[in-house]
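Working through the structure, step by step
Listed below are the residues making up each chain.
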Amino acid sequence: MKDLAQRFPENPLLLPKDLRPSAAGLQVISLLNPGVFRFNNKIWLLVRVAETIAQKEGFLNIPVMNATGNIEIVEVPLNDPDLVATDARVVRFKGLDYLTTISHLRLLNSSDGIHFSEPESNASLFGTGPLERFGIEDCRVSRLDDTFFLTYTAVSASGVGVGLRTTRDWVTFEKKGLIFPPHNKDCALFEEKIGGRYYALHRPSSVDIGGNYIWLAQSPDGLHWGGHQCLLKSRPGMWDEARVGAGAAPIRTENGWLAVYHGANIANQYCLGAFLMDLADPAIVIARTVEPIMIPTENYELSGFFGYVVFTNGHIVRGDELTIYYGAADEFVCGATFSIAEILGALAPLQQAL
């Protein structure tokens, strides 16, 4: 099935071997889901770098961050009856969940949007404190006035929540802590206020009642959030039947706020879709795509650390051209362009899209 994406012929743009590990003894396993922004006349990626430690025969070694901010290893015998390791990404041991990798965020820049390199400052952001002990992941970057808001997934044994850091110069950062408690992720801030208030898309998770849906929240200061409303649900029997989550900051168009989102089916296969919100009141969803706008089709999207995945939380807008940078197969960073007009043309009125 053909989608609307024009993939970069240079894909993958970044592979795990392109970046060195953050510390001795670690190895980079995956590069995923970059936040994207413009700064100092360059395009920047804030890439999630997932690392692990070399495995010892007969054991599973799980990297975690200790109280001093250093990596320590949890070593588990593979034949331990309390170990459940059926997923490449998450294991359960003695009733607790652990990630098989630990992630941090690393800055890279480019003059052409294709060839990226690390700046001399080698700026990286790591998890700090007990609520980020398993790492920080999948950062969205939104700019309001002269401040960049970094919303990211903070992972710990206490759950998965949304952390916030801000910066104006990408040298100094102010950590604001969790703005959405567990279990929550996929938080994208609108890049302008509406009626004097901040708005954000986010994704609380429910295991028993409800589901993994996109919600809308508002805030007077970007820190304290309320007015929560369920905005977009998964659709039974469709490509986004298991979960949906926001991509990057919604895009202002004449027709409304256009948001790209990811959806997954029960086989954990990830595609991209889009929906449109009212400009004055984004709680009103006007339209939604029926079919995906991007489907995993290339080898680098179908095969990797976790195959059949395209996942974006970062883009650049130039007129009608939308350039998304995305994680492919949970291992590679790639790029693709879309026509915003084509995406708008693929939307169906909400009643027809459900």
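Quantities reported herein were computed from a predicted structural model and do not represent experimental measurements.

Quick word on the overall build of the protein
- What the protein contains, in helices and strands, is 3 helices and 27 strands.
- For 354 residues, the compact-globule estimate of 2.2 N^0.38 gives 20 Å, and the C-alpha radius of gyration of the protein, at 19 Å, lies within 12% of that figure.
- Along the first, second and third principal axes, the C-alpha atoms of the protein reach 55 × 45 × 45 Å.
- When burial is assessed residue by residue, the protein has 55% of its 354 residues classed as buried.
- The long-range share in the protein, meaning contacts at least 24 apart out of those at least 6 apart in sequence, stands at 51%.
- In the structure as shown, the protein presents an accessible area of about 15,000 Å², 51% of it carried by carbon and sulfur atoms.

Topic: the pairing of strand β23 (residues 285-289)
- In terms of burial, β23 is largely enclosed, as 4 of its 5 residues are buried.
- Where strand β22 (residues 270-277) meets β23, 3 bridges bridge the pair, whose relative direction is antiparallel. Within β23, the residue paired with Met-277 across the bridge is Val-285.

A look at the layout of surface pockets
- The space that makes up the largest pocket amounts to roughly 1,400 Å³.
- As for the largest pocket, its lining consists of 50 residues, and the residues nearest its centre are Arg-89, Val-90, Leu-99, Val-160 and Lys-185.
- Going through the elements one at a time, β2 (26-39), β3 (42-53), β7 (90-93), β8 (96-99), β11 (136-144), β12 (147-156), β13 (159-167) and β15 (184-189) are the ones with two or more residues in the lining of the largest pocket.
- Residue contributions to the lining of the largest pocket peak at 4 residues, all from β8.
- Its volume calculated, the second largest pocket comes out at about 380 Å³.
- As for the second largest pocket, its lining consists of 18 residues, of which Arg-38, Glu-191, His-315, Ile-316 and Val-317 are closest to the centre.
- Taken together, the elements giving at least two residues each to the lining of the second largest pocket come down to β2, β11, β20 (251-252) and β24 (310-318).
- Considered class by class, the residues forming the lining of the second largest pocket number 11 nonpolar, 2 polar and 5 charged.

A look at the pairing of strand β14 (residues 174-180)
- By the bridge criterion, 5 bridges tie β13 to β14 in an arrangement that is antiparallel. Bridging from a neighbouring strand, Val-162 pairs with Phe-180 of β14.
- Connecting the antiparallel pair β13 and β14 is a turn made up of 6 residues, with Trp-170 showing a positive phi of about 60°.

Section: the side chain of Thr-289
- Turning to its location among the elements, Thr-289 is positioned in strand β23.
- Contacts of Thr-289, omitting those with residues within four sequence positions, involve Arg-235, Tyr-261, Gly-273, Ala-274, Ala-346 and Leu-347.

Focus: the sheet that holds strand β1 (residues 6-7)
- The sheet built from 4 strands is open, its strands ordered β1-β26-β25-β24 with antiparallel pairing. Here the strands that pair on one side only, and so sit at the sheet edges, are β1 and β24.
- In the sheet, β24 pairs with strand β25 (residues 321-328) via 8 bridges, with the strands oriented antiparallel. Within β25, the residue paired with Arg-318 across the bridge is Glu-321.

Concerning the nonpolar core
- Membership of the largest hydrophobic core comes to 23 residues, with the highest contact counts inside it found for Leu-258, Met-294, Leu-322, Ile-324, Tyr-326 and Phe-338.
- If we ignore the near neighbours within four places in the chain, the residues touching Met-294 are Asp-3, Ala-5, Arg-7, Cys-271, Leu-272, Glu-301, Val-310, Ile-324, Tyr-326, Ala-336 and Phe-338.
- Ranked by size, the runner-up nonpolar core spans 21 residues in total, among them Phe-190, Leu-216, Trp-257 and Val-285.

Regarding the sheet that holds β13
- With respect to topology, 4 strands assemble into an open sheet ordered β11-β12-β13-β14, the strand pairing being antiparallel. Unpaired on one side and paired on the other, β11 and β14 mark the two borders of the sheet. Geometrically, the sheet is characterised by an average inter-axis angle of 25° between neighbouring strands, direction not taken into account.

Cut-off values and rules
- Along every chain, residues carry numbers that run from 1 in the direction the sequence is written.
- Reporting of local features is limited, given that this is a predicted model, to residues whose pLDDT is at least 70; pairs of side-chain atoms are given and counted only at 80 or more, and all residues count toward the totals for whole chains, interfaces and linings.
- Excluded from the side-chain calculations are hydrogens and water; all other atoms, namely the structure's heavy atoms, are used.
- Here a helix means four or more residues in a row that DSSP labels H or I, a strand means two or more in a row labelled E, and each is numbered from the N terminus.
- Every radius of gyration here is taken over C-alpha atoms, with the globule rule written as 2.2 Å times N^0.38, N being the number of residues.
- Residue exposure (1.4 Å probe, protein chains only): buried if accessible area is under 20% of the type maximum, exposed if over 50%, otherwise partly exposed.
- The contact criterion used throughout is that any non-hydrogen atoms of two residues lie within 4.5 Å.
- Accessible areas in this description were obtained via Shrake-Rupley with a 1.4 Å probe; residue shielding takes into account the shown protein chains only.
- Any two strands with at least two DSSP-identified bridges between them are counted as paired.
- Both cavities and pockets are sets of points on a 1 Å grid over the protein atoms alone; in a cavity a 1.4 Å probe fits but cannot get out, in a pocket the set is open with protein on both sides within 12 Å along at least five of seven lines, and lining residues sit with an atom within 4 Å of a point.
- Grid points are joined across faces, edges and corners, and a volume is the space filled by probe spheres set on the points.
- All residues other than Ala, Val, Leu, Ile, Met, Phe, Trp, Tyr, Cys, Pro, Asp, Glu, Lys and Arg, Gly among them, are scored as polar; the first ten of these are nonpolar and the last four charged.
- In plain words, nonpolar cores are sets of buried Ala, Val, Leu, Ile, Met, Phe, Trp, Tyr and Cys residues tied together by side-chain atoms within 4.5 Å.
- With axes taken as lines fitted to C-alpha atoms, and helix axes fitted only over the stretch in contact, angles between N-to-C directions fall between 0 and 180 degrees.

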